[in-house]
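Take a look at the letters that make up each chain.
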Amino acid sequence: MAQELSIIKIGGNIIENRTELVAFLRLFASLKDPKILVHGGGKLATQLATKLGIESKLVGGRRITDAQTLEVITMVYAGLTNKNIVAELQANGCDAIGLSGVDGNAIQAHKRPVKDIDYGFAGDVDGVNSPLVSTLLERGLTPVFCAMTHDGKGQLLNTNADTIASELAIGLSGIYSTTLFYCFEKKGVLMDINKEDSVITHIDSKKYQQLLNDDIIAEGMLPKLTNCFHALKKNVGKVCIGHPSMLTTKDEIFTTITL
């Protein structure tokens, strides 16, 4: 039986709130099975861009990445955010290594083709260097991936962190029994965004279509759930969305995604 591997994506207000981030990283460091952490940092990037007089544009929960924005997100994602997380994990006894998709050719991508919307320097993932990531895990290292990839021709690309987590789970599913966790400040996918306890505990393909039709799921949750179903169709064992407490508390309420 394949060894279990958790791919955990952290986002939302947890990554911007220092106290919550430190608490999460302490919890993450305590997890015993092999694990990978994927992080965004969109709000911090938007804040820095605003200070620099650069307008941030998002469509359907995805960022339009022009040349100036690419410079900002590289500084925030691959620099400040990634290294702060790695330093905090080291302080908690977790031997982490900060990575982007560029490092070791870990994640290959291409610039998203222009269709209805020009997303600029946004990357769509082509593949994951599973042997490299597996080697790091076997050596007792915990990879921490930021939301950056490259096209193999010297061009950095901004890539949705939910997508990176999903593609890592897919890429490593041939070696490990992979579970994908999307962690943020809410308890799960909510029926009513204003009611914290209105968690939808189970979403399958039929339920998802119903929620879309009723406009329950929109904006940032759209790419997240698209990635969830994509991962399940590509042999990822399990996908969960909720508060980080779901990682350690068995009776915690959260959302489980199935086909």
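Because the structure is a prediction, the values reported are computed rather than measured.

A.B. asks: Would you explain the overall build of the chain in this entry?
C.D. replies: Each helix and strand counted, the chain has eight helices and 14 strands in total. For the chain, whose C-alpha radius of gyration is 17 Å, the value lies close to the compact-globule estimate of 18 Å for 259 residues. Summarising its shape, the C-alpha atoms of the chain cover approximately 45 × 45 × 35 Å along the three principal directions. Each of the 259 residues in the chain was classed as buried or not, and the buried ones make up 50%. Long-range pairs, those at least 24 residues apart, make up 70% of the contacts in the chain with a sequence separation of at least 6. Looking at charge distribution, the chain has the averaged site of its 26 positive side-chain charges lying 2 Å from that of its 28 negative ones.

A.B. asks: Any chance you could explain the pattern of salt bridges here in plain terms?
C.D. replies: Side-chain pairs of opposite charge can arise whenever the charged atoms involved come near each other. Counting across every chain of the model gives six salt bridges. Close ionic contact of Asp124 with Arg112 constitutes a salt bridge, the shortest N to O distance being 3.0 Å. On the criterion of sequence distance, the pair formed by Asp124 in strand β7 (residues 123-128) and Arg112 in the loop between β6 (107-111) and β7 is long-range, its members being 12 residues apart. For Lys187, the salt bridge goes to Asp197, with nearest N and O atoms at 2.7 Å. Within this pair, whereas Lys187 is found in the loop between β11 (177-183) and β12 (202-203), its partner Asp197 is found in the loop between β11 and β12, the two being separated by 10 residues in sequence. For Lys187, a relative accessible area of 32% gives the class partly exposed. Put simply, Lys9, Asp162 and Lys224 are held in one network by salt bridges that share partners.

A.B. asks: Explain the sheet that holds strand β5 (residues 96-99) to me, please; I cannot follow it from the model alone.
C.D. replies: Two orientations exist for strands paired in a sheet by backbone hydrogen bonds: parallel and antiparallel. Pairing within the open sheet is mixed, and its eight strands lie in the order β5-β8-β2-β1-β11-β13-β14-β12. A single partner strand is all that each edge strand has here, and the edge strands are β5 and β12. Bridge count for β5 against strand β8 (residues 142-145) is four bridges, and the pairing is parallel. Bridging from a neighbouring strand, Ala96 pairs with Thr142 of β8. Those strands touched by helix α8 (residues 221-233) are β1 (4-10), β11, β12, β13 (238-242) and β14 (255-257), and its axis lies near 160° from that of β13.

A.B. asks: What should I look at first to understand the nonpolar core in this one?
C.D. replies: One broad trend across soluble globular proteins is that nonpolar side chains are buried collectively. Counting residues in hydrophobic clusters, the biggest one holds 51 residues, and the most contacted among them are Ile36, Phe145 and Leu168. Setting aside residues no more than four positions away along its own chain, Leu168 makes contact with Ile7, Ile36, Val38, Ile107, Val128, Val133 and Phe145. Grouped together as the second largest cluster of nonpolar side chains are 24 residues, Cys94, Val144, Cys183 and Phe254 included.

Calculation criteria
Residues numbered from 1 in each chain as written. Predicted model: local features only at pLDDT ≥ 70, side-chain atom pairs only at ≥ 80, totals over all residues. Heavy atoms only, no water. Helix = DSSP H or I, 4+ residues; strand = E, 2+ residues; numbered from the N terminus. Rg over C-alpha atoms; globule rule 2.2 N^0.38 Å. Buried < 20%, exposed > 50% of the residue type's maximum accessible area, 1.4 Å probe, protein only. Contact = heavy atoms within 4.5 Å. Lys, Arg positive; Asp, Glu negative; His and termini not counted. Charge placed at Lys NZ, Arg CZ, Asp CG, Glu CD. Salt bridge = Lys/Arg side-chain N within 4 Å of Asp/Glu carboxyl O. Pairing = 2+ DSSP bridges. Axes fitted to C-alpha atoms, helices over the stretch in contact; angles between N-to-C directions. Core = buried A, V, L, I, M, F, W, Y, C linked by side-chain atoms within 4.5 Å.

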